[in-house]
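Okay, here's what each chain looks like letter by letter:
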Amino acid sequence: MLFNSYIFVFIFFPVCLLGYYGLLHGQRPQAAKLFLTFMSFWFYGYFNLSYLLIMVGSIAFNYLFHLLLSKKPDKKLMILAVAGDLSVLFYFKYFDFFLSTVNTVFQSSFALRGILLPLGISFFTFQQISFVVDTYRGEVRNCSLTDYALFVSFFPQLIAGPIVNHGEMLPQFHKAGQERVRWEQIAEGFGLFILGMAKKVLIADTFGAGADYGYDNIAFLGCMDAVLVIVFYALQLYFDFSGYCDMARGIGKMLGIEIPVNFDSPYKATDIVEFWKRWHITLNRFFTKYVYIPLGGNRKGAARMYLNLMIVFLLSGLWHGAGWNYIVWGAMHGVLYVVTRFWQKTFSGRKKARFKIMTILSQILLFAYVSIAWVYFRAKDIAQANSLLMVAFQGKMQKISLDLAECFQLDEFWYVIKILHLDNMAYSRYILMAVILAAGLYLAMAGPNAAQRMERVKYRAGSVFVLAVLMVWSILTFSGVSTFLYFNF
Amino acid sequence: MNKYKKWMMAIVLAVLTALLLEAAVVVYVDPFFQYHAPLPDFPYLVDNQINQNPGMATHMAYDSVILGSSMTVNFNTDWFEELMGLDTIKLNYSGAYPKDQANIMERIFHSDNQVETVFLGIDVMTCTGGVDETKYPIPDHLYDDVIWNDAAYLWNKDVFLNYILRPLADPDKTDLATVYQSWWTDEYYNIQWVMHNYENPDQIAKETAADAYLASVEANLSQNICPYIEQNPDTTFYVFFPPYSILYWNDVIKENHLRATMAEYQYIADRMLAYDNVRVFYFPDLEEIVTDLNNYADYTHYHRDINYYMTQCFADGTCEITDSEQMAAALARTGEMIARFDFEELFSVEW
């Protein structure tokens, strides 16, 4: 199930909180952890029962290797475990991509399998790889099966991360029930959950409607439409993914578990190196520890370091999705990252003259570059991405599409527009799009993020009102009424 | 109680109160008629077949119902009162597949209404699909009797804003006699408009086998239509074949499935004629109507005057088919009409 669903908000999570704290209150921490694991299995199995079997199999497989490696740290054994994990990931995520690539290169016609991708498989596979490797390295010993199963399946971070490591989670599981209930942490988590939900449901999905319209109608877009669509997707992705992570962190806090920060206002970054310290932080941490450093990191000279960085970004592209467009996306980030590192290394001794305007300009340029790269991330293939970019750079300069603006005509603002008589203005259909875009850009590029807002929140009536409104508004937005055009058969 | 606990509880309480109040308003007004009949004074907006039909079927009062695709949306239920003395409701689904008809019949025959008559328009092109296929995804929570999945109705921004607040702010009560009527106004019904928008398909060389459609039609009728006819012997089903324009038949010829289509018509008629409580009406051979594209807004959709004529036929039995031989003769007349029509001349004009 999803966090932004009725069953999660009204049934699953209240039951989870009551059951967990009930068991802790009864001095039964082991049962409380088992209960959380069971709830996590329910959470995951709700999508599809066969997904749950895959995850449980994966947990059993890796735990077995953990036991073996705990007794004897054998490199071959560790490689076998990692290879096993990657094979499963390859089969579910990359096998069809591999076949279609073979078909293209060798003009063959292997039938694609249409394999269903179990949700979150990339996340729980990476998490387990890190666990097995760290067991081999001696960084983790004798983890119980219940703790391990909870570590992998812990529902707040199961399907969309962050990619947590044992060092930050297992000690917290051990401490369950040993500390008093911290209401401050629970309250902060609740607020963060609401803000994350609002980011996802109210902001990301609104930009998503504009982005979807654009990608479905590239042939009808003018130059300005295409630029807007590119920006809409950049904002959608940020609010969606970071909103989900905020919800995950909020849920974790409500259960007394701190989940690491995964997004730290990445669009405030002024260069790509900083961007990757702020965007999907835990994935970068994983790649740094388990790919970049084992490849030699920066210890084998500058050229090798740049090569290692490119490898990491290409792998990151592939991790995000099975398609050449993701590899292009990874390469675009890799190239800029290498160039930036080279620049920083070469000119590091010079005195920096940072004017505010330069900082803002850097931020805007980086946002533009990252947004263009996201086109390859969102498009169904490279050709579609190229066609959107062609329209953006060479398309006809025409009035912004009314159909695109229509995606932002949220019903809740219909009354405001009517009351203010804005509907009679010449450009009235564009007002909401402009306002929502400006608000989205401000929140992403200049305003405090959800975590910062919760750190500063005053626990008074004002914040009660704002958060209650956001939560009700979000819940009412979980479902819409489908409308279809009934013109034809 | 510490301030954090108090703060959190205040939010929970505020949210629950707001959600309960909102849900109470939805239940009271019930714009999709899930819980009760319409309030007498509320200006209900009815414009969403998939979401509103099941509730209308369950909680409105009627003794006759019109089912079918967009071919049936231009019927006016007042005509049925006037010509046949029936209190009729329209529960059509544009683009409906047989499964869509089954879904709504399930609701109709589980309601408290004594349904005397069902007018069911059959579109042959939709009977060849899968038996469980619906035109659009069905919101299950509106088609079942369980309450626990009603959250998507009770706490739904669109329901609250568009079907409760907006009608209150800007009342324009839907007339159920003409509900779901096509957006095409009179000026769209002319040959110029129809031909300008019509795309003449390429000729397909290989002919579809005459019996190609029969298996799926048989399955669809057996699962989605016939059970309701059999289980409701006191209800009379007026099953009718709508009069698509001559361009529809041009499509059939170009796509090379004329014999298969004719066989399908015959099969459906034969299946229906086997029931005592079914009356079959065949309109595709009405040459004056079918060959005059000024009656249409596209290759199949006809003007509401044609709907009125069909209602008259239901009332006086014109165009009724009573046995298999009559159906075969009607199909033969249709074939002759197609053969007589000068398609070459029609397509020689730049519209």
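Procedures and definitions
Residues numbered from 1 in each chain as written. Chains lettered and ligands numbered in written order. Predicted model: local features only at pLDDT ≥ 70, side-chain atom pairs only at ≥ 80, totals over all residues. Helix = DSSP H or I, 4+ residues; strand = E, 2+ residues; numbered from the N terminus. Contact = placed C-beta atoms within 7 Å. Buried ≥ 20, exposed ≤ 12 C-beta atoms within 10 Å, placed from the backbone. Pairing = 2+ DSSP bridges. Axes fitted to C-alpha atoms, helices over the stretch in contact; angles between N-to-C directions. Parallel < 35°, antiparallel > 145°, perpendicular 65-115°, else oblique. Left-handed = near helix turned anticlockwise from the far one by under 90°. Nonpolar A, V, L, I, M, F, W, Y, C, P; charged D, E, K, R; others polar. Domains from an automatic or database assignment. pLDDT = per-residue confidence, 0-100. Expected span 1.5 Å × (residues − 1). Arc of directions from axis to C-beta.

**Digging into the overall build of chain B**
- Secondary structure summary: chain B contains 14 helices and six strands in total.
- Dimensions along the principal axes, computed over C-alpha positions, put chain B at roughly 90 × 50 × 40 Å.
- Sequence-distant contacts in chain B: of pairs separated by 6 or more residues, those separated by 24 or more amount to 84%.

**Here we look at the pairing of strand β3 (residues 117-121) of chain B**
Residues and elements named next belong to chain B.
- For β3, the tally of buried residues reaches five of five residues, placing the bulk of the element in the interior.
- Burial along β3 is two-sided: the face carrying Thr117, Phe119 and Gly121 and the face carrying Val118 and Leu120 are both buried.
- Examined bridge by bridge, strand β1 (residues 64-67) and β3 share four bridges and lie parallel to one another. Note on β3: the bridge partner recorded for Ile66 is Phe119.
- Looking at chain direction, β3 and strand β4 (residues 236-241) are connected through five bridges and run parallel. Within β4, the position partnered with Gly121 by the bridge is Phe240.

**Overview of the packing of helix α1 (residues 3-29) of chain B against helix α6 (residues 157-169) of chain B**
All names here are of chain B.
- Two elements in contact, α1 and α6, have axes separated by 11 Å at closest approach and are oriented at 45°. Comparing their axes, α6 and α1 come out oblique. Here the hand of the crossing between α1 and α6 comes out left-handed. From α1, Glu22, Val25, Val26 and Val29 reach across to α6, where they touch Val159, Phe160 and Ile164.
- Its residues assigned to classes, the contact of α1 with α6 shows six nonpolar, no polar and one charged.

**Describing the domain arrangement of chain A**
Residues and elements named next belong to chain A.
- Segmenting chain A into domains produces domain 1 (6-181) and domain 2 (187-477).
- For domain 1 versus domain 2, the separation of C-alpha centres amounts to 27 Å.
- With 20 residues of domain 1 at the contact, the number on the domain 2 side is 20 residues.
- Listed by contribution, the elements that provide at least two residues to the side of domain 1 that touches domain 2 are α1 (6-25), α4 (75-106), α5 (121-136) and α7 (166-174).
- If you tally residues by element for the side of domain 1 that touches domain 2, the top one is α5, at five residues.

**Overview of the interface of chain A and chain B**
- Facing the 29 residues of chain A at the interface are 35 residues of chain B.
- For the side of chain A that touches chain B, the secondary-structure elements that each account for two or more residues are α1, α8 (183-216) and α20 (461-477) of chain A.
- In terms of residues, the side of chain A that touches chain B owes the most to one element, α20(A), which gives eight residues.
- Its residues assigned to classes, the side of chain A that touches chain B comprises 20 nonpolar, six polar and three charged.

**Remarks on the sheet that holds β4(B)**
All names here are of chain B.
- Judged by pairing direction, the sheet is mixed, and its six strands sit side by side in the order β2-β1-β3-β4-β5-β6 without closing on themselves. Of all the strands in the sheet, the pair left with one neighbour each is β2 (88-90) and β6 (320-321).
- Bridging between β1 and β2 involves three bridges; their strand directions are parallel. In the strand pairing of β2, Ser64 is matched with Thr88.
- The sheet contacts of helix α3 (residues 77-84) involve β1 and β2, and relative to β2 the element is tilted by about 155°.
- Here helix α10 (residues 258-273) sits on the sheet and contacts β4, β5 (278-282) and β6; the angle it forms with β5, its principal contact strand, is near 155°.

**Remarks on the confidence of the model for chain A**
- Averaged over all residues, the pLDDT of chain A is 90; the fraction at 70 or higher stands at 97%.
- In the model, residues 485-489 of chain A has pLDDT below 50 throughout and makes eleven contacts with residues more than four positions away in sequence or in other chains.

**Some remarks on the environment of B:Lys99**
All names here are of chain B.
- Topologically, Lys99 is positioned in helix α4 (residues 98-108).
- With 19 C-beta atoms packed within 10 Å, Lys99 lands in the partly exposed category.
- Taking C-alpha positions, Lys99 is 9.7 Å from Gly129, a pair spaced 30 residues apart along the chain.
- Lys99 has contacts with Val131, Asp132, Glu133, Thr134 and Asn224, leaving out every residue within four places of it along the chain.

**Considering helix α18 (residues 428-445) of chain A**
Residues and elements named next belong to chain A.
- In this model α18 runs 26 Å from its N-terminal to its C-terminal C-alpha over 18 residues, within 8% of the 26 Å that 1.5 Å per residue would give.
- What α18 keeps buried is the set Leu432, Met433, Ile436, Gly440 and Ala444. Looking straight down α18, one finds that the buried residues subtend no more than 95° of arc, so they occupy a single side. More than 90 degrees from the buried face of α18, the exposed residues found are Val435, Ala438 and Tyr442.
- Lining the buried residues of α18 we find α8, α9 (223-254) and α16 (402-406).

**So, unusual backbone geometry**
- Positive phi, normally seen in glycine, also occurs at A:Ser265, with a value near 45°.
- Positionally, A:Ser265 belongs in the loop between α9 and α10 (272-278).
- According to the C-beta neighbour criterion, A:Ser265 is buried, with 20 such atoms within 10 Å.
- Positive phi values are uncommon outside glycine, yet B:Asp30 reaches one of about 50°.

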